[in-house]
Every structure is written in structure tokens, then in C-alpha cells.
Amino acid sequence: MKKILKTFMAAAVTAVVLIHSASAQLAVRGSLGSDVPGLSTFNGDEQKDKNALSGIHPRAVKDFEKSFKSITDENWSKLSDGYIASFTADSIKTRVAYNRNGRWQYTMLYYGEKKLPLEVRSAVKSVYYDYDILNVAEIYLDNQPLYMITIQDETHLKTIGVYDGDMQVIQEYQRG
């Protein structure tokens, strides 16, 4: 069962990584500041709506308000197949996705190395000790977080997936 779940997570993460591949290219060029690059833009089928709550399924709004009680400045976007709520709190950018029926689909958090849990950071650094951690995407499709960590050294750029204590290279690029 764990292998099936990991395979599913790897497929989902690969899709997410492909969406954000431009972010990694920006980071390689050195434009990574305190923010994670490329996270303020969404994929092409989203529509920004200033009065978005009027068109959002009430179940999605209720779930969001229950899950993120202290957030009051979120931005809602309509997708062809659902909704995205996004906000930044404590320098962590968060996206929460809901389907058309207002049911929660996933939550993604984006942040830098300093916010990465110590045990995950230690596991990555123990294997990739000569690499710098550029950014982290923490993904929840269930109750167990999946970490997508972009790292680089002088010649390589890699995306490492960490799930339930297992670490795997998802993507690897030669820099040059």
C-alpha cells in the first residue's frame, strides 16, 4: 500500500514540478531572494476575480475559513475545474485547491530553507551536503506532507522528493 501511495504522490508531484519548472530556472540565474520565485503567478486557466467569493462554492469558503482561521486577506481564483485560495503568512506562500463542488483537493506551501523542518533538512543535507537548498514546496494530498526540495551545486540542479522518510531524485539538470 505504501508503494502505491508513493507512486501516486510521485506522479502528482511531477505534475506540480512541471508547472513550476520556470521557478527553478529563475533560481539558477540567481534571482532567488527571500521569496520563492514564480509563485505569484498561476497556470493559464485561472481567472482572477476581485469579487471572487460570490462565485466560489460555499463549501470551499467554509472549509477554508475553518482550516485557516487567522487568514483574512486571501485571494481566490477560479479555475476551469475548481478554485484556488492563496495567501502569504509568516513568509510562507500557501495555495489551497478545491474542486468545482468545493471539496478540498490539496494544499501547497512554498518557503525557503530556514522554514524546512529540521529532520527533513538534515536528511537532505546528509546526502547532498555540497548543495544549497533553493526552495521548498510542501504538498498535502492527504495527512502526510510531501516535500519537493530544489537544490543546486556548481554543476547540477535537482528536485528531491521526500515522503515518509524516503528521499528520491525527481528531476535533475546539468547547469552550464
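Above this text sits the structure in question.
Only a predicted model underlies this, so the values are computations on that prediction, with no experimental measurement involved.

Turning to the overall build of the chain, a few remarks are in order. If you tally the helices and strands in the chain, you get four helices and nine strands. Seen in sequence order, the chain has helices and strands lined up from the N terminus as α-α-β-α-β-β-β-β-α-β-β-β-β. Here the chain holds 176 residues, and 41% of them are scored as buried. Long-range contacts, defined as pairs at least 24 residues apart, comprise 41% of the intrachain contacts of the chain with a sequence gap of at least 6. Total accessible area computed for the chain in this model is approximately 10,200 Å², and 51% of it derives from carbon and sulfur atoms.

Before going further, it helps to spend a moment on the pairing of strand β2 (residues 75–79). With five bridges connecting them, β2 and strand β3 (residues 82–89) associate as antiparallel partners. The residue of β3 that forms the bridge with N75 is S86. Between the antiparallel neighbours β2 and β3 lie two residues.

Moving on, we get to the environment of Q174. Structurally, Q174 is set in strand β9 (residues 166–174). Accessibility expressed as a relative area gives 59% for Q174, which makes it exposed. Separated by 18 residues in the primary sequence, Q174 and H156 have C-alpha atoms spaced 4.8 Å apart. Setting aside anything within four residues of it in sequence, one finds Q174 in contact with T155 and H156. A distance of 3.3 Å separates the side chain of Q174 from the side chain of H156, its partner in a polar contact.

Cut-offs and rules
- Residues numbered from 1 in each chain as written.
- Predicted model: local features only at pLDDT ≥ 70, side-chain atom pairs only at ≥ 80, totals over all residues.
- Heavy atoms only, no water.
- Helix = DSSP H or I, 4+ residues; strand = E, 2+ residues; numbered from the N terminus.
- Buried < 20%, exposed > 50% of the residue type's maximum accessible area, 1.4 Å probe, protein only.
- Contact = heavy atoms within 4.5 Å.
- Areas by Shrake-Rupley, 256 points an atom, 1.4 Å probe, with all protein chains shown as cover.
- Pairing = 2+ DSSP bridges.
- Polar contact = N/O pair within 3.5 Å; in protein donor to acceptor, adjacent residues only side chain to side chain.

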